[in-house]
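Spelled out, the chains give:
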Amino acid sequence: MQPTQAPIQIPEVIQLIDLKYYLIISTALFVIGIIGVLTRRNAIIIFMSIELMLNSVNLLLIAFSSYRSDPTGQVFVFFIMAVAAAEVAVGLAIIVMIYRNTRSIDVGLLNKLKW
Amino acid sequence: MLPIILLSVFGIVLLFLGFLKTRAVLLPAALLFILIALGAGFLEWNKSYLYFGDMLLINNLAILFSTIVLISAFMVVALSGDFLEDEMAQPAEYYAILLFSIVGAMMMIGYENLIMLFVGVEILSVSMYILTGSDKRNLRSNEAALKYFLMGSFATGFMLFGMALLYGAVGSFTLTDIKSYILLSHGRPSLLLYMGELLVLIGMLFKVSAAPFHFWTPDVYEGAPTLFTAFMSTVVKTAGFAALLQLLSVSFSAIYGFWWVILAAITALTLLAGNLTAVYQNSFKRMMAYSSISHAGYLLIGLAALGQQSRSALVFYSLAYSLATISAFGILLLVAKQHTTDGRPDESYSAFNGLSRNNPLLAFVLAVSMLSLAGIPLTAGFWGKFMLFSAAVDRGMVWILILAVLMSAVGIYYYFRVVIAMYFREGQAGRIRVAPFYQFILIAATALTIILGIVPGLFQNIM
Amino acid sequence: MQTDLLAILIPLLPLIGFIINGMGFRHVPKGLVGILGTLGPLVSFACSLLLFTGFGGQTIKVPLFDWITVGHLNIPFAFQIDQLSLIMLLIVTGVGSLIHIYSIGYMKHDEGYGKFMAFLNLFLFFMLLLVMGSNYVIMFIGWEGVGLCSYLLIGFWNKNTSYNNAARKAFVMNRIGDLGFLLGIFMIMGAFGSVEYTEVFEQAAGFPIGDATVVAITMLLFVGAMGKSAQIPLYTWLPDAMAGPTPVSALIHAATMVTAGIYMVVRSNVLYTLSPVTLEIIGGIAIATALLAASIGLVQNDIKKVLAYSTVSQLGYMFLGLSVMGYTAGMFHVMTHAFFKALLFLGAGSVIHAVADEQDIRKMGGLRKYLPITYWTFLIATIAIAGIPPFAGFFSKDEILMHAYQHNKLLWVLGVIGSAMTSFYMFRLLFLTFFGRFRGSEHTREHLHESPATMTVPLVVLAVLSIIGGFFNVPEALGGEARLAEFLNPIFNLSRRVRPSAFGETLLTHSEEYMLMGISTAVAIVSAIAAYVMYVQRVSLPEADTVERPVVQKVLYNKYYVDELYETIIVKPVRGLGDTFYSFGEFIIDGIVTGTGWLVQQASGQLRRLQTGSIGFYVFAMVVSIAAILCLRFFVRF
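Since the model is a prediction, treat every value here as computed from it, not as a measurement. (Residues numbered from 1 in each chain as written. Chains lettered and ligands numbered in written order. Predicted model: local features only at pLDDT ≥ 70, side-chain atom pairs only at ≥ 80, totals over all residues.)

Asks: Break down the overall build of chain A for me, citing the residues and quoting the values.
Replies: A tally of helices and strands in chain A yields four helices and zero strands. Taken from the N to the C terminus, the helices and strands of chain A come in the order α-α-α-α. Expressed along its principal axes, the backbone C-alpha trace of chain A runs to roughly 60 × 30 × 25 Å. Taking all 115 residues of chain A together, 30% fall into the buried category. Summarising the internal contacts of chain A: among those between residues at least 6 apart in sequence, 49% fall at separations of at least 24. (Helix = DSSP H or I, 4+ residues; strand = E, 2+ residues; numbered from the N terminus. Buried ≥ 20, exposed ≤ 12 C-beta atoms within 10 Å, placed from the backbone. Contact = placed C-beta atoms within 7 Å.)

In structure tokens:
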């Protein structure tokens, strides 16, 4: 495994945009996700923000994968998508469960457990 | 590898067994399955194999950690008799989820590829989200599940971002590739690698509840049904530390100088936060949550002072900690059932008042487990701490050592509160009826704690 | 082979006793409990005697099994039988057996009799582990174990909350010391790569004098000794520990456990010899402890409290001996002190037994007639501790003072002052308890009785030992052969090698020695006479707690003008000094200790507030910490 750029042909279409822009946009998306988690109180929106973070990772992985012409990155993306789907199922179930008991999905109201 | 496949199949089998009219078969079946997996694991003893296209590595260390996980799971399942009595519960599903989560834990223990780590972590975590919220009508359980879920996925996001950055730097997810990349970079690896390592580390530290990422722990542990708290605080922790050990010792030992300061700082913080906050608690269960944070701190010493001794010290400590924790929660389950205040089991210290009078066995078991957690000699916990501390000595980390020793003194204070309540306080606890098998598990765990405390060498010969 | 068996049997027998009595203390018949509990220590004592007689001068190591391997460090579970451990074995099992026998009589009517015997046996087991282990880790385990037993036994009458508090205080203070000890062991591991005595000392002998590592190690170990052996500032637990049953005070808090610190220092004598700085500090702390505790002892009215402070003070003397490198003298005093202090406590127990659990000496008096055996044995012990020849205490204390004199004249002067106080408070105790007329209630007087044989026999045996104990080590100046010193000599071979100058022949001429002996004897006798004049001739009683001036004293003031003068010039200052020290000890030091606890509680309360229960805050804290970690790592150079 070479630490520097591997001597593999990278398709020209991809080369049109430099790798660092992918890095920047992914990071930006990731940070937007974090800010969403930090500022919102609605459990669903927090959840969506987390999904945004995961997707920014997907984008980053694909970018790296393409620039290296290495498929493992893309394989990982499929894993992330599958796992994220499982998480959605469980997460929504938990949120529904809470909605049934409290008629609200405001996380700010959930502070019975503390200290 | 065999246990992983077996447990996956067994989990599905258990789901089907749930269709049967008689629930009585579930518990023995689950126990049997875990035992088979335990036996199957040892088939690969002293051999070192790579599986699944070099994604999973099974060696002796992995088998030992898996054994601890399986023993903990066995004990937790054995203590779960209550499920079968509860009409509303879905025991088949809980057992199946437990088995699946063990698969996740074993993937975390033996991973050779970061993809495997991610999948393992997620299998384990998603199972835990479900189990935490399994008491559906209890608002505390709901709250715990949501907190765990939101924060857990949030932390997973960081871990994934870190993995992506590592991939960007190295071009591979394999641990050995990362290692050789670092070695070939002549001390100047790309910034992406450093960033990636820190983020993965943070994601994993969250899972083992190291400060300052520990805030979820007390709330989740308190809200979750006690049985699953026992499972979480042992299996998840053991698997998490095995994963961290793998990551740091295989891939990143070459840049030890980069991360040890951070890890040492986090260790100190974890020790302080866990031990100091535990002092103020009035609920035994919540105290145990903080205690689990503090034990994460002790285990982190083994990582921050990564060296020859770290492996055996971490394995030994995980075992000692798991045995003591599960027997403590086992007693809590029994005692809390006796006293209920407005329908909720009483989990405060006062529930233990005068326990020794009518239930000397239970009191003794709990006393031994508290002594072990506090690290008093002639219990397994003492040697666990001893080995971890001597690892710190080897690295010359005197400050961490002094802090850890001081904090273990603070620990004695809150662990002994239970012992004092049991032996020196008057209480109206009646005789608690304990099922023979339940009793056997408690006695076995206590005996093992004492045996390991008297002849720790016995265990080391196995290593 | 036979030695191996004996060495294993010695700690094993008390353990078996503990298991039998402890597991079935509700099922074992009462008569059998005492026999079972006492048999273990007795047979252990016989085994120790056999070992002692068969000992050929060579250190014997009895490996039992490989205990643990941590990296390159291998710790075996082994016993080491040498001169030092043999002496300790004899003291522990011998005095231990006597106290077990005594307990049969003393505790028989207690409902927790079986539990009590079991705990005593367990204590003995750990104490034997402590003195027999061949490495620091075994010593530490014994160390912790005796602490635990002491905790259990102080809180034995656990219905009483203040007793529980005393137990907890003892435990906490001991833990502080234990932490120091544990850190010391880890430092030894780091420095020498081993914890086996033989290997550590062999290696240490190659270090230069005053080596920083060795100084640190010895200081940490001494912190451990401070806790266990009740030195300033960790001494306040010992007087409080008197809440336990009296045999416990005799065995654990006078004869054996509290001397563990001295044993440890003597065991590590090479390290201490290498570190003169530590020795100086020990000397300072020791003499301060000896004087402070003795002066507090002057004003105590509780019979056991007086003895407790006296123990603290005597421990100070032992450390004083060690600090001036009179290791043998220190050990010698451990031995004689075990005899007479155990005797004093057991005598006090007999008194308390007779006067229906009263401990206030103001309500005693005149017991000489009712308790003749107790009186005579108590008298012997008092003479012994006061240092009047030819009883045991004279020889050992004098040897310590002699070493102190050689080292530093000031230490000697202070030591003699302390010994004057010792003599005074002990005779004061004796006179107030046994002389004059009985001051208790009429009801109690009718029930005054001598204790049963199980209690008086140990008293007599100990009294004999207190008389002849000193002859084991008669100095050459008095025509003796210093046999104990001769016997213990090989223990200090390495110390002698690293600092030959400090072990040179005594510089004192015989006439100087006689002079020192004469002075200390004279001082002791004068103090005893002073006590006699004050408490027997003039029957002055210590002030009651509530009454400003008791009637008796008021009368006396009016009668003698001289008395008032005497009172203002000597008694008042001394008493004031004692009171000051008392408040210093009890409040300031306790304040520091409890203050630490309070601080932890407060910190805990504040930290707890961070756990707000809101997800928003948790996530925020997490993000901030991640940002902090990244910033620190990438933007701050370190």
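Asks: Outline the overall build of chain C, listing residues and values.
Replies: Scanning chain C from terminus to terminus reveals 26 helices and two strands. Considering chain C as a whole, with its 638 residues, one finds that 55% of them fall into the buried category. Taking the contacts inside chain C whose residues are at least 6 apart along the sequence as the reference set, 79% of them involve residues at least 24 apart.

Asks: Mind laying out the interface of chain C and chain A, listing which residues take part and the relevant values?
Replies: Each side of the interface is counted separately: chain C has 10 residues, and chain A has 10 residues. Examining the composition of the side of chain C that touches chain A, we find that five residues originate from one element, helix 26 (residues 615–635) of chain C, more than from any other. The residue makeup of the side of chain C that touches chain A, split by class, is four nonpolar, five polar and one charged. (Nonpolar A, V, L, I, M, F, W, Y, C, P; charged D, E, K, R; others polar.)

Asks: Describe the environment of B:Glu143, and please don't skip the residues or the numbers.
Replies: Inspection of the secondary structure assignment puts B:Glu143 in helix 7 (residues 139–170). When the 27 C-beta atoms within 10 Å are taken as the criterion, B:Glu143 is described as buried. Residues B:Glu143 and B:Gly133, spaced 10 residues apart in sequence, show a C-alpha to C-alpha distance of 7.9 Å. Here B:Glu143 is in contact with A:Leu110, A:Lys112, A:Leu113 and B:Gly223, once residues within four sequence places are set aside.

Asks: Hey, could you go over the interface of chain C and chain B for me, with residue numbers and the actual values?
Replies: Listed as interface residues are 42 residues of chain C and, on the opposing side, 43 residues of chain B. Elements supplying a minimum of two residues to the side of chain C that touches chain B: strand 1 (60–70), helix 5 (136–154), helix 6 (161–192), helix 25 (561–609) and helix 26 of chain C. Top contributing element to the side of chain C that touches chain B by residue count: helix 26 of chain C, with 10 residues. In terms of residue class, the side of chain C that touches chain B is built from 24 nonpolar, 13 polar and five charged.

Asks: Tell me about the domain arrangement of chain C, and name the residues and values.
Replies: Taken domain by domain, chain C holds domain 1 (275–542) and domain 2 (581–638). A straight line from the C-alpha centre of domain 1 of chain C to that of domain 2 of chain C covers 47 Å. (Domains from an automatic or database assignment.)

Asks: Run through the pairing of strand 1 of chain C, naming residues and quoting values.
Replies: Residues and elements named next belong to chain C. Two elements, strand 1 and strand 2 (residues 73–81), share nine bridges in a ladder whose sense is antiparallel. Note that in strand 2 the partner of aspartate 66 across the bridge is proline 76. Hairpin connection of strand 1 to strand 2: two residues between the antiparallel strands, including glycine 71 at a positive phi of 60°. (Pairing = 2+ DSSP bridges.)

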